[in-house]
Amino acid sequence: MSVDKKLLCHWADRVADKIVSERGEADLYTCASGITPSGTVHIGNFREIITVDLVVRALRDRGKNVRFIYSWDDYDVFRKVPANMPNQDELKKYLRFPITMVPDTTGRDENYARHHEVDIERELPRVGIHPEFLYQAQRYRANRYAEGMKKAMQNRELIKSCLNEYRDDAHKMKADEAYWPVSVFCSQCDRDTTEITGYDGEYGVSYTCECGYKATEDLRTSKGFKLGWRVDWPMRWNEEKVMFEPGGKDHVSPGGSYDTAKLVSKKVYGWDAPVTMKYDFVGLKGIPGKMSSSKGKVIALSDALCVYQPEVLRYIFAVNKVDHEFAISFDLDVITVYEAYDRTERIAWGLEQAKNDDVANHEKRVYLLSQIEPELPRVMPYQIGFRMLTTLLQTYSGDIDAVIASLSDVRDEQKDCLKRRCECAWYWITECAPEDFKFALRLGSGAIALSDAEKAVVEKMKSDVLPFVESSGEQELLQKIYDAAVGCGIKPKELFGIMYRVLIGKEQGPRLASFMKIIGKEKLETIFFSMKERYTPWENWTEEYELQTEKLYKKWLAAHIGEEWEFVWGKVGAAFDRKGGRTNMWVGYI
């Protein structure tokens, strides 16, 4: 797509410019990422994936043809059994095997590696990322890299000097120390417990294994040979003609593995190492116990998408500087993140002014890069603050359709996006929010213990505030609440405490005026009415009161079992017995 040049001001745009400047005009720009699927691909690993995606988008916004490859290094060794996989004893039997030969003990996928690959491949389209996946086990076992391995074996002394280039004397390989850039999985036992014993200068490699097996095999036909990662990496740069690949700060630091690979790439394979950049680590804040325990104390992309809309999760990575560490929050800071995204959205759509043009352009660019599709949505998404949404959802007991229906100005084309935000908000409330943030309306919960003075406060609210809940604005209603407090001779804070106990059974809650408007007059009447004891002395009996009780009971039944009250075993109901003068809920069996 074509993007206004003044918007090309993001760090991803600067990297894209650097790639074009250093590699020149090309028919195709290949950008790469990858990982070993040895365990859950967590949100920290996702930072590399989305870093590449942002640069890919920046290149495409310049009209460049881009290939985004993601390599699954699934021919690596199974070194350790992760704590979150079932049947640990069975997995231990496969230590030192290639991870594609380790079974998936969950029984879901064809092998252990594929289990973790599927988990991320299924989620990436949700955040608008569509790489071309390369499976290195397939490629090695198909002997695709035979020539690359041959070249490494023939240049092993040169590679040895490249590996030694940035090592201190204590860690350099000695001149007389044998070095083999290739390792081998034994053809007999499938483990890498092997030692290379000879090379014929072409394709023949001899080895022995701890299992007792000995063989000389051909790089062009054997399925077990593989380059060590420090050579495999630059070999594949040349194989795929990679022009950009970022690295974690541990790899890209001076003298690190990238600098070594850069030497091997140029001196052995004749390919200039790709443009790179450092990305920093991602921390976690406020992880709920349920989420952290399910995957061995790591957070997967799917976990983050339970709390954050895809656009907001992309925003978190796009708005932060790539070489700065930050934390993804699951505590109350989630509200702040959504507020920041909403402000960026308003600036992008021209509904709010930024401090200056530079800030406005940057905010618009971040917003564009945050979208699932690399373009502005057809219509502006419906904006409702995350905090307000959590109040609405709890008021409606998690009924998302009811919440959306209560917002009269939502357009049909905005509903899908709003529903995603509701789903994230409800998950956050139920699984992540602190207990003092959660509440449930006391609909049909019965009376609570109040002093006579507190009961008088409630009666004052019923007479002086309740009639105006729907007709007054929030500020006007708040003033009436303050006036009620003055009329009762108490401080507003004391009145708030009484009302929160009446409404949700807690000492604190959402801002009272807006909360009462969200609850609505009808529900407030039900709560106030349900506080009274249902059975009153005969001298206080009125038919009006019993009819109100009947209405309350029916609402309670609807809230707890739904609108259908007839079952195969019988039915339930609530009715005012005019003959007996009382109202009851009842169960009738067939």
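In this text the structure is predicted, and so the values were computed from the model without any measurement. By convention here, each chain's residues receive numbers from 1 onward along its written sequence. Restriction of local features to residues with pLDDT of at least 70 applies here, the model being predicted, together with a cutoff of 80 or more for giving and counting side-chain atom pairs; totals for whole chains, interfaces and linings are based on all residues. Calculation of side-chain values draws on the structure's entire complement of heavy atoms; hydrogens and water are dropped beforehand.

### Comments concerning helix H10 (residues 257–267)
Part 1 of the reasoning: Working definition: with a 1.4 Å probe on protein chains only, accessible area under 20% of the residue-type maximum means buried, over 50% means exposed, and in between means partly exposed. By definition, any uninterrupted DSSP run of H or I lasting at least four residues is a helix, any uninterrupted run of E lasting at least two residues is a strand, and each is numbered from the N terminus. Of all eleven residues that make up H10, eight are buried, and the element is covered over most of its length.
Part 2 of the reasoning: Within the sequence span of H10, burial applies to Ser257, Tyr258, Asp259, Thr260, Ala261, Leu263, Val264 and Ser265.
Part 3 of the reasoning: Elements that come into contact with the buried residues of H10 comprise helix H7 (156–164), helix H8 (229–240) and helix H9 (249–252). What makes two residues a contact is simply this: any of their non-hydrogen atoms within 4.5 Å.

### Some thoughts on the pairing of strand S5 (residues 194–199)
Part 1 of the reasoning: Of the pairings in the sheet, the one linking S5 to strand S6 (residues 204–209) comprises five bridges and is antiparallel in character. Bridge assignment links Gly198 to a residue of S6, and that residue is Ser206.
Part 2 of the reasoning: What makes two strands pair is DSSP finding at least two bridges between them. Here S5 folds back onto S6 in antiparallel fashion, the turn holding four residues, of which Gly201 has a positive phi close to 90°.

### Observations concerning the environment of Ile43
Part 1 of the reasoning: Turning to its location among the elements, Ile43 is positioned in helix H2 (residues 43–60).
Part 2 of the reasoning: Looking at Ile43, the relative accessible area reads 3%, which means it is buried.
Part 3 of the reasoning: When the C-alpha atoms of Ile43 and Gly283 are compared, they prove to be 9.0 Å apart, with 240 residues separating the residues in sequence.
Part 4 of the reasoning: With residues up to four places along the chain from it excluded, the contact list for Ile43 reads Val282, Leu284, Ile299, Ala300, Leu301, Ala304, Leu313, Phe317 and Ile328.

### Notes on the sheet that holds strand S7 (residues 214–218)
Part 1 of the reasoning: Read from one edge to the other, the open sheet built from three strands follows the order S5-S6-S7, with strand pairing classed as antiparallel. The open sheet terminates on both sides in strands that have one partner only, identified here as S5 and S7. Neighbouring strand axes in the sheet, compared pairwise and without regard to direction, differ in orientation by 30° on average. The angle between two axes is taken between their N-to-C directions and runs from 0 to 180 degrees, where each axis is a line fitted to C-alpha atoms and a helix contributes only its stretch in contact.

No statement about biological role is implied by the geometric values presented.
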